[in-house]
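Notes for the structure review
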Amino acid sequence: MKQNIWGKNLPELRTLMKELGAPGYRSQQLFDYMYKRGILHFDEMAQLPKALRNKLIESWVIDFPTIVREQRSSDRKTAKLLLRYSDNSLIETVLMNQPYGYSVCISTQVGCAVGCTFCASGLTGLQRNLTAAEMLAQIYLWQFLYDIKIHSFVLMGSGEPLQNYDNVLSFMKMCHDFEGLTISYRNMTLSTSGITPKIYDLAKEKLPITLALSLHAPNDTIRNQIMPISKWYPLPELLESLQFYTQTTRRRVTCEYILLAGVNDKPEHVAELAQMIRPLRAHVNLIPLNESPGIPYRRPEMKHSQEFCEQLQKQGIAATIRKEMGTEIQAACGQLKMKFVRDNA
C-alpha cells in the first residue's frame, strides 16, 4: 500500500530523499512543488529526475482532497468548500476575508459525536478523525485556489477538536513551523464543547492560542438539554478547568453563546450567565442561531439579541455579537454538507 507524502515537512523529506538515494537538495524541490506551487502529481515535477519520480510514484501518493462544491457570498468576503477525501469522506471548510487578513474555519473530524442539538454537523454522527495532514490540506487548498496567504484559522468546523487531540496538536504545530506558512500561535483559535480533561492537557502545552468554549447555556439544566456532552462534563468542573487554563497560559478565554429564542435568551439568563462568567473574566461572543433544516430552534430578533448583549455589558461582562459572515452560502457547520447529501440522496 502506498504511503501518503502530503504533510511531511522539509526535514522529513530530506530523510526520505536519503532513503531513496537522492541528494538532499531534491527535498527542497519536492517541498516547493507541493507546498509553494501546488503541483500534486509526481509526474508533473519536471525538475526531479525521471528515475526519482518513478520511485515516488511506486511507493508514495500525494493524498489531497478534491472540491465537490464551491460557494462564494455576493460580497466576496466569504467562501465555502465541500471537500471529498480519498475514502469519500465529506467535510467543509470556510474562508473569511477579515480586515486583518484571510482566516480559515477548519474541520477536525468527519461528522461529530458531541450531538449539540443546534448544530448541523452532528446530524450524521461521527465517521472518523481527520489526520493532521488532512487538516493542513484545508489551509493549502485555499492558498492554491485563490493565490492568497492565510493569516489565521479557527478550529470551529465539523468535529470536536479535543476529541482528536493528538492530530489537532500536531496540525497546529505544523502550521506554526512549516516553511512558508508560519502562522502565529496567537492567530489560532480552538473551539471546544468542553472536554474537561483535555483542557488541562492543552493548558500544560502552554501554546499561546485562543481557547473558545462553546458554552451556550447559563446553567447545567439548559446545557444538558441542548448539549448532551454536559452530562459528562458539568459546568462546575468545566469552569475549574478554564480557570486552570487561564492561570497556566495567561491567555483570556472566549465563551461562545448561541442565542436560541425562548431557550437561553431570557432576562433571568443574563444574570445567571454574568455570575458564572465574572470570575473567568472571559469575553462572551453572542451568536444568533443559523437556522437550518433539522434544527428545532429559532433565532431571536436582532433587537432582542442586542438587548441581551447590552444587559450583559451592564453586568460588567465583556460581550459582543458576532458579525455574521456566509449565511447565504450555508457557512455554518454542516449546512452545505447536509444540503449536498439531501440533494444527492
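The model shown is predicted, which means the values in this text are computed figures rather than measured ones.

1. A word on the overall build of the chain
Secondary structure assignment for the chain yields 11 helices and 14 strands. Taken over C-alpha atoms, the radius of gyration comes to 21 Å for the chain, in line with the 20 Å a tight globule of 345 residues would show. Counting only C-alpha atoms, the chain reaches 70 × 45 × 35 Å along its principal axes. The 345 residues of the chain split such that 54% are buried. The long-range fraction of contacts in the chain, counting pairs at least 24 apart against all pairs at least 6 apart in sequence, stands at 66%. Of the roughly 15500 Å² that the chain leaves accessible, carbon and sulfur atoms contribute 49%. Charged side chains of the chain number 40 positive and 33 negative; the gap between the two group centres comes to 4 Å.

2. Focus: helix H8 (residues 235-249)
An α-helix turns once per 3.6 residues; consequently, residues spaced three or four apart project the same way. Between its terminal C-alpha atoms H8 stretches 21 Å, which fits the 21 Å expected from 15 residues at 1.5 Å a residue. All buried positions along H8 are accounted for by Leu235, Leu238, Leu239, Ser241, Leu242, Tyr245 and Thr249. Angularly, the buried residues of H8 cover 155° about the axis, an arc narrow enough to put them on a single face. Among the exposed residues of H8, those oriented more than 90 degrees off its buried face are Pro236, Glu240 and Gln247.

3. Considerations on the nonpolar core
Residues Trp6, Leu56, Phe118, Phe153, Phe171 and Met172 are the most contacted members of the largest nonpolar core, which totals 108 residues. Here the element with the most residues in this core is helix H4 (residues 132-146); it accounts for 9 residues. With sequence-adjacent residues up to four places away left out, Leu56 is seen in contact with Ile5, Leu16, Met17, Leu20, Leu30, Phe42 and Leu48.

4. Considering the sheet that holds strand S9 (residues 150-155)
Strand order across the open sheet formed by 10 strands is S3-S4-S5-S6-S9-S10-S11-S12-S13-S14, with mixed pairing between neighbours. Among the strands making up the open sheet, the edge pair consists of strand S3 (66-72) and strand S14 (319-321). Going from strand to strand, the sheet's axes swing by 25° on average, the running direction of each strand aside. Pairing of strand S12 (residues 254-259) with strand S13 (residues 283-288), which is carried by 6 bridges, proceeds in the parallel orientation.

5. Looking at the pairing of S3
Pairing of S3 with strand S4 (residues 78-84), which is carried by 6 bridges, proceeds in the antiparallel orientation. The residue of S4 that forms the bridge with Thr66 is Arg84. Remark: 5 residues form the turn of the hairpin made by S3 and S4, two consecutive strands paired antiparallel; Arg76 in that turn has positive phi of roughly 65°.

6. Quick look at the layout of surface pockets
Estimates place the volume of the second largest pocket at around 180 Å³. Around the second largest pocket sit Lys2, Leu40, His41, Phe42, Asp43, Ile57, Trp60, Val61, Ile62 and Phe64, which together line it. Of the residues assigned to the lining of the second largest pocket, the class counts are 7 nonpolar, 1 polar and 2 charged.

7. What to know about the packing of aromatic side chains
Evaluation of the coordinates by the stated rule reveals 13 aromatic pairs. Aromatic ring contacts, followed pair by pair, group Trp6, Phe31, Tyr35, Phe64, Tyr140, Phe144 and Phe178 into a single cluster. The lysine or arginine in question, Arg128, covers the ring of Tyr85, its NZ or CZ lying 5.9 Å from the ring centre. One Lys or Arg, Lys198, reaches over the ring of Tyr165 and ends 4.8 Å from the middle of that ring.

8. Details of unusual backbone geometry
In the Ramachandran plot, Lys206 falls in the positive-phi region, its phi being about 55° despite a non-glycine side chain. Judged by relative accessible area, Lys206 falls into the exposed class, the value being 56%.

9. A few points about helix H10 (residues 302-314)
The terminal C-alpha atoms of H10, which comprises 13 residues, lie 18 Å apart, in line with the 18 Å expected from a rise of 1.5 Å per residue. Within the sequence span of H10, burial applies to Ser305, Phe308, Cys309 and Leu312. The arc that holds every buried residue of H10, seen down its axis, measures 95°, which confines them to one face. Facing away from the buried surface of H10 by more than 90 degrees, the exposed residues are Lys303 and Lys314. Where H10 is buried, its residues meet S12, helix H9 (267-277), S13 and S14. Of the residues one or two after H10, Gly316 is the one with positive phi, at around 85°.

Thresholds, definitions, all that
- Residues numbered from 1 in each chain as written.
- Predicted model: local features only at pLDDT ≥ 70, side-chain atom pairs only at ≥ 80, totals over all residues.
- Heavy atoms only, no water.
- Helix = DSSP H or I, 4+ residues; strand = E, 2+ residues; numbered from the N terminus.
- Rg over C-alpha atoms; globule rule 2.2 N^0.38 Å.
- Buried < 20%, exposed > 50% of the residue type's maximum accessible area, 1.4 Å probe, protein only.
- Contact = heavy atoms within 4.5 Å.
- Areas by Shrake-Rupley, 256 points an atom, 1.4 Å probe, with all protein chains shown as cover.
- Lys, Arg positive; Asp, Glu negative; His and termini not counted.
- Charge placed at Lys NZ, Arg CZ, Asp CG, Glu CD.
- Expected span 1.5 Å × (residues − 1).
- Arc of directions from axis to C-beta.
- Core = buried A, V, L, I, M, F, W, Y, C linked by side-chain atoms within 4.5 Å.
- Pairing = 2+ DSSP bridges.
- Axes fitted to C-alpha atoms, helices over the stretch in contact; angles between N-to-C directions.
- 1 Å grid on protein atoms, 1.4 Å probe; cavity = no way out; pocket = protein on both sides within 12 Å on 5 of 7 lines; lining within 4 Å.
- Points joined across faces, edges and corners; volume = space filled by probe spheres on them.
- Nonpolar A, V, L, I, M, F, W, Y, C, P; charged D, E, K, R; others polar.
- Phe/Tyr/Trp six-rings, centres within 6.5 Å; stacked < 30°, edge-to-face > 60°.
- Lys NZ or Arg CZ within 6 Å of the ring centre and 35° of its normal.

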